[in-house]
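Architecture at a glance
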Amino acid sequence: SLDACLLMSMEVLASACGCFVGAATLITSFGRSGRKEEHPHEWLYMALAYGRKDLVVKGDPDINWNDAHPHFGPPLLAIGGKGIQLEVESSFQEADPYYDFSPESKEFIKDLQALFEVALRRGADPSVQCPLSCTGCVHFTVRGGGSVIYDMKEAVAGRSALSLWSAFSQRAKELDSSKSEQLPLASSFFDGILSMLLHVIPKHKGIVPKRQPRLESVCMTEVPEATIGIWQKLMRKDESCDVIFQCVDGEVLVHSAIIGSSSDVLAAMLRWPSSSVPSDETQLCRSLRRVELQDRSEAVEAWKLLVYTGLPPQEGLSTALLIEVLDISHRWQDHLLECGLLTAALAKRIVDGESCACVLEAALLRDLPDLRSECLAFARRSREMR
């Protein structure tokens, strides 16, 4: 009958629709299972893995810098996670083989070191262990002269940044010891990373004397230009100054409240009574305190600018002038010395044998162990010094 035919047709149609719906559900679930959900800050870990300092610095997200990515692990282990590939240049002039990283590789190394500095300043802990479920690894290769000089790979699962880079360093030292004809490029690279990581680890607080902060880890913060402008205006207002530094070639006027806050030595010195100002001077002159110095006014002016604003002169500071400023800072034990700003600046001036010798002499005379170590580390890496 007609009703029976209609009922049969509806059953066939319903069965077919059920098949289509089931197939669509299967396809949809398959597509979803094939695509994994991204980490909320996937872009950051990718930037760290590719060594993109520019992206990390510009983005600078407010995150937990010890949070682990499912593949790369914590940020300190993600750096270089897409591979560290370097090139070396060689020279065999006069039977004296010479190896060094290419200019491009040196720039990439600087970017990697800057990424470690950024992560450490944001609170990354080099002792945090990576989850065992992480599948990433760091692959380090160095090529030169058409051959592979170094080829090392270490997995990140279950390891901290310290253990990972220590393993790389040990393997590199073993390889370098078997190649006496070349500089220890790889081990120097890894030791530089380890040096940054080790200096943020809490130290034993027994009888070990307090040391200055690590040169590369000077605490920095952004200050609005308007605030700097206020301090610069105050610095230039000689009429409000109440202390005169009488240098060998001129005078430098400063405010006792500011320099006393910068240095306990200066604060104590300014508390002593002075008879350097004659009694028949004007009221303004009677309020000035004169301090005799054996320094050049240019060096004292540069020290003053750094104390007031934290900025060097617009024309810059030569290495010789910077050492003079360090001498003043060391004599007065001010905050520039305590925070390591001057020693960090001098460490960056070590570029050849002459500058290394100059900075090393300053470090030895003033008993600055961290700066001395930087000089010795450069000497070990430098073919000229070796």
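Every value quoted in this text rests on a predicted model; they were computed, and no experiment measured them. (Residues numbered from 1 in each chain as written. Predicted model: local features only at pLDDT ≥ 70, side-chain atom pairs only at ≥ 80, totals over all residues. Heavy atoms only, no water.)

What follows covers empty space enclosed by the protein. The final tally for this structure, using the stated rule, is one cavity of 30 Å³ or more. Empty space within the largest cavity amounts to approximately 50 Å³. If you go around the largest cavity, the residues you meet are Trp65, Asn66, Pro74, Leu76, Leu77, Ala124, Asp125, Pro126, Val128 and Ala161. Taken together, the residues that form the lining of the largest cavity break down as eight nonpolar, one polar and one charged. (1 Å grid on protein atoms, 1.4 Å probe; cavity = no way out; pocket = protein on both sides within 12 Å on 5 of 7 lines; lining within 4 Å. Points joined across faces, edges and corners; volume = space filled by probe spheres on them. Nonpolar A, V, L, I, M, F, W, Y, C, P; charged D, E, K, R; others polar.)

Right, let's get into the confidence of the model for the protein chain. In the predicted model, the protein chain carries a mean pLDDT of 78, and 75% of its residues have values of at least 70. Scored below 50 in pLDDT, residues 19-33 makes zero contacts in the model with residues more than four places away or belonging to other chains. Long-range and interchain partners of residues 204-216, a stretch whose pLDDT sits below 50, account for 20 contacts in this model, where long-range means more than four residues apart. (pLDDT = per-residue confidence, 0-100. Contact = heavy atoms within 4.5 Å.)

This brings us to the sheet that holds strand E7 (residues 289-292). Pairing within the open sheet is mixed, and its three strands lie in the order E6-E5-E7. Edge strands, defined here as strands with exactly one partner in the open sheet, are strand E6 (250-254) and E7. When strand polarity is set aside, the average angle formed by the axes of neighbouring strands in this sheet is 25°. In this sheet, E6 lies alongside strand E5 (residues 243-247) in antiparallel orientation, the contact comprising five bridges. Bridged to Phe245 within E6 is Val252. Packed on one face of the sheet, helix H10 (residues 264-271) meets E5 and E7 and runs near 120° to E7. (Pairing = 2+ DSSP bridges. Helix = DSSP H or I, 4+ residues; strand = E, 2+ residues; numbered from the N terminus. Axes fitted to C-alpha atoms, helices over the stretch in contact; angles between N-to-C directions.)

Turning next to the packing of aromatic side chains. Scanning all chains against the criterion turns up eleven aromatic pairs. A ring pair is formed by Phe245 and Trp303, whose centres lie 6.2 Å apart and whose planes are at 65°; its orientation type is edge-to-face. Highlighted residues: Phe245 in strand E5 and Trp303 in helix H12 (residues 297-309), separated in sequence by 58 residues. Each member of the pair, Phe245 as well as Trp303, carries the same accessibility label: buried. Of the aromatic side chains, those joined through ring pairs into one cluster are Phe116, Phe140, Tyr150, Trp165, Phe168, Phe189 and Phe190. Positioned above the aromatic ring of Tyr308 is the side chain of Lys304, whose terminal nitrogen or guanidinium carbon lies 5.8 Å from the ring centre. Lying over the aromatic face of Trp332, Arg331 brings its terminal NZ or CZ to 5.8 Å of the ring centre. (Phe/Tyr/Trp six-rings, centres within 6.5 Å; stacked < 30°, edge-to-face > 60°. Buried < 20%, exposed > 50% of the residue type's maximum accessible area, 1.4 Å probe, protein only. Lys NZ or Arg CZ within 6 Å of the ring centre and 35° of its normal.)

On to the environment of Cys356, then. Note on placement: Cys356 falls in helix H16 (residues 353-365). Residue Cys356 is classed as buried on the basis of its relative accessible area of 1%. Along the primary structure Cys356 and Phe378 are separated by 22 residues, whereas in three dimensions their C-alpha atoms are 7.6 Å apart.

What follows covers the state of the cysteines. Under the defined criterion, the tally for this structure stands at zero disulfides. With no disulfide partner, Cys375 has as its closest neighbouring cysteine sulfur the one in Cys356, 4.7 Å distant. (Disulfide = S-S within 2.5 Å.)

Under the 1.5 Å per step criterion, the end-to-end length of helix H13 (residues 319-332) is 20 Å for 14 residues, consistent within 8% with the ideal 20 Å. Inspection of H13 places Leu321, Leu322, Ile323, Val325, Leu326, Ile328, Ser329 and Trp332 among the buried residues, and these make up the whole buried set. Residues of H13 that are buried in the fold lie against E5, H10, H12, helix H14 (335-338), helix H15 (341-347) and H16. Positioned one or two residues after H13, Gln333 has a phi angle of 50°, which is positive. (Expected span 1.5 Å × (residues − 1).)

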